[in-house]
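Analysis of the macromolecular model
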Amino acid sequence: MAIATLLPATTAFIQRAPRMLIGAEWVEAADGQTMPLRNPATGEQLCVVPRATVDDVDRAVLAARQAFDDSSWSRTRPRERQNLLWKLADLMQRDAELLAQLECLNNGKSAAVAQVMDVQLAIDFLRYMAGWATKIEGSSVEVSVPLMPDQQFHSFIRREAVGVVGAIVAWNFPLLLACWKLGPALATGCTVVLKPADETPLTALKLAELVQEAGYPDGVFNVITGTGITAGAALTHNPRVDKLTFTGSTAVGKEIGKIAMDSMTRVTLELGGKSPTIVMADADLGSAAAGAASAIFFNQGQVCCAGSRLYVQRKHFDKVVADIAGIANAMKLGSGLDTSVDMGPLISARQQERVWRYIEMGRESGATIACGGEQFGPGYFVKPTVIVDVDQQHSLVQEEIFGPVLVAIPFDDEADALRMANDSPYGLGASIWSNDLAAVHRMIPRIKSGSVWVNCHSALDPALPFGGYKMSGVGREMGYAAIEHYTELKSVLIKL
Ligand code: NAD
């Protein structure tokens, strides 16, 4: 066992009871209320953070509103926005180990993995978005204006920052999800109020320190910590917010979408998933089994596009399932600070209980637990689990579990695989494991999901739009698609 040593800066950050950033000030909640954060690996309290009130949220939105409408920020040129974002990315690189340790302590994930995945992906993404800051273009159009045949016109279309962005994110990739929103917002010239998940605000608060250090004007980035029910709801209802961007469950996303429609606030929603991994008979079975295991067990299965449904062509079903069970049985569970560990705890006792309920439901309905199916503590651990002998309509197959639980079903042919893969309310990602180019190309257009991976799963790139079909959301993050979601078009017609 090799336990990573905490940096003095990590311990100091946690011991000083981090506060929220509103405008230029680091503040407690207006009523002094706090909420405890727990280390998921031990269940012990880490520290407390402010539990924001509705007033706190209103002040944060006002600060963002003023920064957007009145401050020097609204006059920054693209090059300055590019340089600031690049500077922020450099500061994150400097503090990458600290950010990864905070993510580990607060979320439970491996610190080593967080440093090369969560933190590095966030840095790369901000640098990618820094590049867009200088490439946001409008266009000019030659117009006819039929009702004024004798007039000449000059016409052009501007792409303008949408304004104040209210960003609400989930706990599974706290820093990365925050940066997926911060990047396009700051590249386009918006201002932001971020509400991290109740359980995992630490890296968002550290990020706010780095935004200040990078030299962003006060109010451009504000972070409020608190509950979804109070702080999240207050942000969603605030009339000064121009755009809401949400990552979380489909249930909450639907509510936010309805509220946004009511006030015509712009909205993008990144929601749940139940993504299929399809293994065709001709696939390289060794890499397919390893890939399918990683697709579901990475980040303890708490990944929106996790490959949580496995479909294997019948003649290889038993072998692929046995191989995945072998990988699962060999996984070492423990604290994310232990570099020899393969899987950490779930985020909370509540999530552990939720995942456990699904496993019990499987047992009670006669499904076979091929491996795992155990929980233990202290900390919120569930062993990587594979369940077979389940029907396509079973809740285990239809509902998002959001934990290290894989359900596996055999299929007979391509049509059968496509039918079951698409038989889901969700449509975030899907992977096909095959070397038959013709079959792969036949299947890609017929899969109803925002991403399709071939011979890999959950591979992301800042240039590739990410988001969902169906109940997995509205809009896309990353790529130029994100820039479109953080801007409005303005048509200008000048009579000459
Ligand atoms: P959640 O919906 O419970 O919470 C997400 C965020 O919304 C949190 O910050 C929470 O405080 C806030 N919130 C809760 N109730 C609210 C309300 N009434 N008004 C405003 N805000 C509110 O989700 P979760 O359990 O934190 O996250 C897990 C879910 O997130 C899973 O469904 C997962 O698939 C999804 N997710 C999706 C993506 C994606 O990109 N599609 C990425 C990560 C996670």
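The preceding data block contains the structure.
Basis of the calculations
Residues numbered from 1 in each chain as written. Predicted model: local features only at pLDDT ≥ 70, side-chain atom pairs only at ≥ 80, totals over all residues. Heavy atoms only, no water. Helix = DSSP H or I, 4+ residues; strand = E, 2+ residues; numbered from the N terminus. Buried < 20%, exposed > 50% of the residue type's maximum accessible area, 1.4 Å probe, protein only. 1 Å grid on protein atoms, 1.4 Å probe; cavity = no way out; pocket = protein on both sides within 12 Å on 5 of 7 lines; lining within 4 Å. Points joined across faces, edges and corners; volume = space filled by probe spheres on them. Nonpolar A, V, L, I, M, F, W, Y, C, P; charged D, E, K, R; others polar. Pairing = 2+ DSSP bridges. Right-handed = clockwise from strand over helix to strand, strands pointing away. Expected span 1.5 Å × (residues − 1). Arc of directions from axis to C-beta. Contact = heavy atoms within 4.5 Å. Phe/Tyr/Trp six-rings, centres within 6.5 Å; stacked < 30°, edge-to-face > 60°. Lys NZ or Arg CZ within 6 Å of the ring centre and 35° of its normal. Axes fitted to C-alpha atoms, helices over the stretch in contact; angles between N-to-C directions. Patch = residues over 30% accessible without salt bridge, like charges linked within 9 Å, V, L, I, M, F, W, Y side chains within 5 Å. Areas by Shrake-Rupley, 256 points an atom, 1.4 Å probe, with all protein chains shown as cover. Salt bridge = Lys/Arg side-chain N within 4 Å of Asp/Glu carboxyl O. Near = heavy atom within 4 Å. Polar contact = N/O pair within 3.5 Å; in protein donor to acceptor, adjacent residues only side chain to side chain. Sits in = over half its atoms within 2 Å of the grid points.

1. Here we look at unusual backbone geometry
- At the junction of Gly377 and Pro378, the peptide bond is cis and its omega measures out at 0 degrees in the coordinates.
- Within the secondary structure, Pro378 is located in the loop between β15 (375-376) and β16 (381-382).
- The residue Val145 is not glycine, and still its phi comes out positive at about 40 degrees.
- The residue Val145 is located in the loop between β5 (139-140) and β6 (153-161) in this model.
- Even without glycine at this site, Lys470 takes up a positive phi of about 50 degrees.
- The class for Lys470 is partly exposed, based on a relative accessible area of 37%.

2. Concerning the layout of surface pockets
- Of the pockets and cavities examined, the largest pocket occupies roughly 1100 Å³.
- Residues of the lining of the largest pocket, tallied by class, amount to 18 nonpolar, twelve polar and nine charged.

3. Focus on empty space enclosed by the protein
- Within the structure shown, the criterion is met by seven cavities of 30 Å³ or more.
- For the largest cavity, the calculated volume is near 70 Å³.
- Lining the largest cavity are 13 residues; nearest its centre among them are Gly301, Ser308, Glu400, Ile401 and Phe402.
- A breakdown of the residues in the lining of the largest cavity according to their chemical character gives seven nonpolar, four polar and two charged.

4. A word on the pairing of strand β8 (residues 191-195)
- With five of its five residues buried, β8 lies for the most part within the structure.
- Every second residue of β8 is oriented toward a common face, with Thr191, Val193 and Lys195 on one face and Val192 and Leu194 on the other, all of them buried.
- Strand direction decides the pairing type here: strand β7 (residues 164-168) and β8, joined by five bridges, are parallel. Bridged to Val165 within β8 is Val192.
- Each parallel crossover has a hand, and for β7 linked through helix α6 (residues 174-188) to β8 it is right-handed.
- Handedness of the crossover is the feature at issue here: the chain leaves β8, passes through helix α7 (residues 202-214), returns alongside strand β9 (residues 221-223), and the resulting connection is right-handed.

5. Description of helix α3 (residues 78-94)
- Given a rise of 1.5 Å per residue, 17 residues ought to cover 24 Å, and the 24 Å separating the end C-alpha atoms of α3 matches this to within 8%.
- Every buried residue of α3 is accounted for by Arg81, Leu84, Leu85, Leu88, Ala89, Leu91 and Met92. The buried side chains of α3 occupy one side of the element, clustering within an arc of 160 degrees when seen end-on.
- Looking at the buried residues of α3, the elements they touch are α4 (96-107), α5 (111-133), α6 and α7.

6. Thoughts on the environment of Arg354
- In this structure, Arg354 sits in helix α12 (residues 349-364).
- What makes Arg354 partly exposed here is its relative accessible area of 26%.
- Residues Arg354 and Ile401 lie 47 residues apart in sequence; the distance between their C-alpha atoms is 7.5 Å.
- Residues within four places of Arg354 in sequence aside, it is in contact with Glu400 and Ile401.

7. Here's the deal with the pairing of strand β13 (residues 307-313)
- With respect to burial, β13 is a largely interior element, seven of its seven residues being buried.
- Here strand β12 (residues 275-279) pairs with β13 via five bridges, running parallel. Pairing of Thr277 across the sheet is with Leu310, part of β13.
- After leaving β12, the chain enters helix α10 (residues 285-297) and then returns to the sheet as β13, a path that is right-handed.
- Where β13 and strand β18 (residues 405-411) come together, five bridges link them in parallel fashion. Bridging from a neighbouring strand, Leu310 pairs with Ala408 of β18.

8. Regarding the sheet that holds strand β24 (residues 487-495)
- Taken in spatial order, the three strands make up an open sheet running β5-β6-β24, and their pairing is antiparallel. At either margin of the open sheet sits one strand with a lone partner, and together these are β5 and β24.
- Here nine bridges tie β6 to β24, and the two strands are oriented antiparallel to one another. Bridging from a neighbouring strand, Glu160 pairs with Glu488 of β24.

9. Some points on the packing of aromatic side chains
- With the rule as written, the count across this model stands at seven aromatic pairs.
- On the numbers, 6.5 Å between centres and 80 degrees between planes, the contact of Tyr128 with Trp132 is edge-to-face. With Tyr128 and Trp132 both in helix α5 and four residues apart, the pair spans about one turn of that helix.
- Judged by centre distance (4.7 Å) and plane angle (45 degrees), the rings of Trp132 and Tyr480 are tilted. A residue pair is termed long-range when its members are at least 10 positions apart, and Trp132 in helix α5 and Tyr480 in helix α16 (residues 479-485) qualify at 348 residues.
- Aromatic rings pair up to connect Tyr128, Trp132 and Tyr480 into one cluster.
- Arg127 extends its terminal NZ or CZ atom over the ring of Trp86, reaching a point 5.1 Å from the ring centre.

10. A few points about the sheet that holds strand β21 (residues 451-454)
- Strand order in this open sheet of seven strands is β14-β17-β18-β13-β12-β20-β21, and the pairing throughout is mixed. Every interior strand has two partners, whereas the edge strands, β14 (368-371) and β21, have only one. Direction aside, neighbouring strands of the sheet carry axes that sit 25 degrees apart on average.
- Direction of pairing for strand β20 (residues 429-433) relative to β21: parallel, over a ladder of four bridges. Paired with Gly429 across the strands is Ser451, a residue of β21.

11. Re a nonpolar patch on the surface
- Where nonpolar side chains cluster on the molecular surface, the patch consists of Val113, Val116 and Met117 and spans about 230 Å² of accessible area.
- Judged by relative accessible area, Val116 falls into the exposed class, the value being 58%.

12. Quick word on the site of the ligand
- Residues in contact with the ligand amount to 29 residues; listed here are only the nearest, Val169, Asp198, Ser249, Leu271 and Glu400.
- Between Trp171 and the ligand, the recorded distance is 3.0 Å, taken from a side-chain N or O atom to an oxygen atom.
- A distance of 3.2 Å separates an oxygen atom of the ligand from a polar atom in the backbone of Gly248.
- Surface burial for the ligand is 88%, taken as the share of its 850 Å² of free accessible area covered by protein chains.
- If you map the ligand onto the pockets, it falls in the largest pocket.
- Secondary structure elements with two or more residues in the shell around the ligand: α8 (228-237), β10 (243-247) and α9 (250-263).
- Here the shell around the ligand gets four residues from one element, more than from any other, and that element is α8.

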